[in-house]
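One-letter residues, chain by chain:
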Amino acid sequence: RRQMQEELKAIQRRVGTTFVHVTHDQEEAMAIADTLVVLNDGRIEDMGEPERIYLRPASCFTATFMGDNNLLEGRVADCAAGTLVIDTPCARLRLPGEAATGKAVTLSLRPEHLHTADSGGLLPLGEAVVEEVSFFGTHHACTVRTRAGQAMKVSVPQKVRPAAGERLSLWIDAADVVVLMR
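Residues numbered from 1 in each chain as written. Predicted model: local features only at pLDDT ≥ 70, side-chain atom pairs only at ≥ 80, totals over all residues. Heavy atoms only, no water.

Undergrad: Explain the pairing of strand β4 (residues 83-87) here, please?
TA: Regular strands show a simple pattern: their side chains alternate between the two faces of the sheet. Here strand β3 (residues 70-80) runs beside β4; their pairing, made up of five bridges, is antiparallel. Residue pairing in the sheet places A80 in a bridge with T83 of β4. Turn length for the β3-β4 hairpin, with the two strands adjacent in sequence and antiparallel, is two residues, and the turn residue A81 shows positive phi of about 50°. Two elements, β4 and strand β5 (residues 92-96), share five bridges in a ladder whose sense is antiparallel. When the sheet's bridge partners are listed, T83 is paired in β5 with P96. Where β4 folds back on β5, the antiparallel hairpin that results is connected by four residues. (Pairing = 2+ DSSP bridges. Helix = DSSP H or I, 4+ residues; strand = E, 2+ residues; numbered from the N terminus.)

Okay, structure coming up:
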């Protein structure tokens, strides 16, 4: 499969023409495309470079369609000088951005952006209990439940060996949080 992806990219470079490649495999799309178009019910939901689509999705649909994602509901408690204060069931977060006070928002948090320790400058999301753990070689994929009852997916480094029932503190870098307006 990877060999075929590389071959398609090589043919496209050699021929020098635009290709339209239709796939439901998000990893394949990101590996091959210069520009991704995400369709939802026949309409363009999002369009751009693969890295932007994955890391800074324009909508909740794109955020969840392009791989594992945690969507956390919130409300803007305050906005001043380019900083949003957002109340969520897990924590109050200070994030860069602009929005009207009282506005409902959804935060997109990729599992690989959640940390189980503060390495300095991270925002606390609170404590969670590990419900399931699967080992994927490069990481452990954990399903956790926060004190507020929110189920979340967390990618934990392979050297950390979480177990079901264990309590973890969750942290995130403000730069990794995507604020989606509703």
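Continuing now.
Undergrad: Explanation requested: the pattern of salt bridges in the structure shown.
TA: Any two side chains of opposite charge can pair, given that their charged atoms come close. This structure, assessed with the given rule, holds 10 salt bridges. The salt bridge partner of E27 is R2, with a shortest N-O separation of 3.6 Å. Taken together, the residues E27 in helix α2 (residues 26-32) and R2 in helix α1 (residues 2-15) connect sequence positions 25 residues apart. Each member of the pair, E27 as well as R2, carries the same accessibility label: exposed. (Salt bridge = Lys/Arg side-chain N within 4 Å of Asp/Glu carboxyl O. Buried < 20%, exposed > 50% of the residue type's maximum accessible area, 1.4 Å probe, protein only.)

Undergrad: I would appreciate a short explanation of the sheet that holds β4 in the present structure.
TA: Whenever strands of a sheet pair, they do so through backbone hydrogen bonds, lying parallel or antiparallel. Read from one edge of the open sheet, five strands run β5-β4-β3-β6-β12, paired in antiparallel fashion. The strands lining the two open edges of the sheet, one partner per strand, are β5 and β12 (178-181). Pairwise comparison of adjacent strand axes, ignoring direction, gives a mean angle of 40° for this sheet. Where β3 meets strand β6 (residues 104-109), six bridges bridge the pair, whose relative direction is antiparallel. When the bridges of β6 are listed, G74 appears paired with V105. (Axes fitted to C-alpha atoms, helices over the stretch in contact; angles between N-to-C directions.)

Undergrad: Even after reading the chapter, I still don't get the nonpolar core, so can you show me in this structure?
TA: In summary, soluble globular proteins display a tendency toward joint burial of nonpolar side chains. Core analysis: the largest hydrophobic core is formed by 28 residues, its most contacted members being L95, L107, L109 and V144. If you list the elements that add at least two residues to this core, you get β3, β4, β5, β6, β8 (123-135), β9 (139-146), β10 (151-157) and β11 (167-172). When residues of this core are assigned to their parent elements, the largest contribution, four residues, is made by β8. Beyond its immediate chain neighbours, meaning those up to four positions away, L107 contacts N70, L71, L72, I86, T88, L93, L95, V177, V178 and V179. Listed in part, the six residues of the second largest apolar core include A29, L36, V38 and Y54. (Core = buried A, V, L, I, M, F, W, Y, C linked by side-chain atoms within 4.5 Å. Contact = heavy atoms within 4.5 Å.)

Undergrad: Sorry, what's going on with the pairing of β10 here?
TA: Taken together, the seven bridges between β9 and β10 define a ladder with antiparallel strand orientation. The residue bridging T143 from the neighbouring strand is K153, located in β10. Here β9 folds back onto β10, and the loop between the two strands holds four residues, one of which, G149, carries a positive phi near 90°.

Undergrad: Teacher, can you tell me more about the state of the cysteines here?
TA: What makes a disulfide is a covalent bond joining the sulfur atoms belonging to two cysteines. The full count for this structure, using the stated rule, is zero disulfides. With no disulfide of its own, C90 has C60 as its nearest cysteine by sulfur position, at a separation of 16 Å. (Disulfide = S-S within 2.5 Å.)

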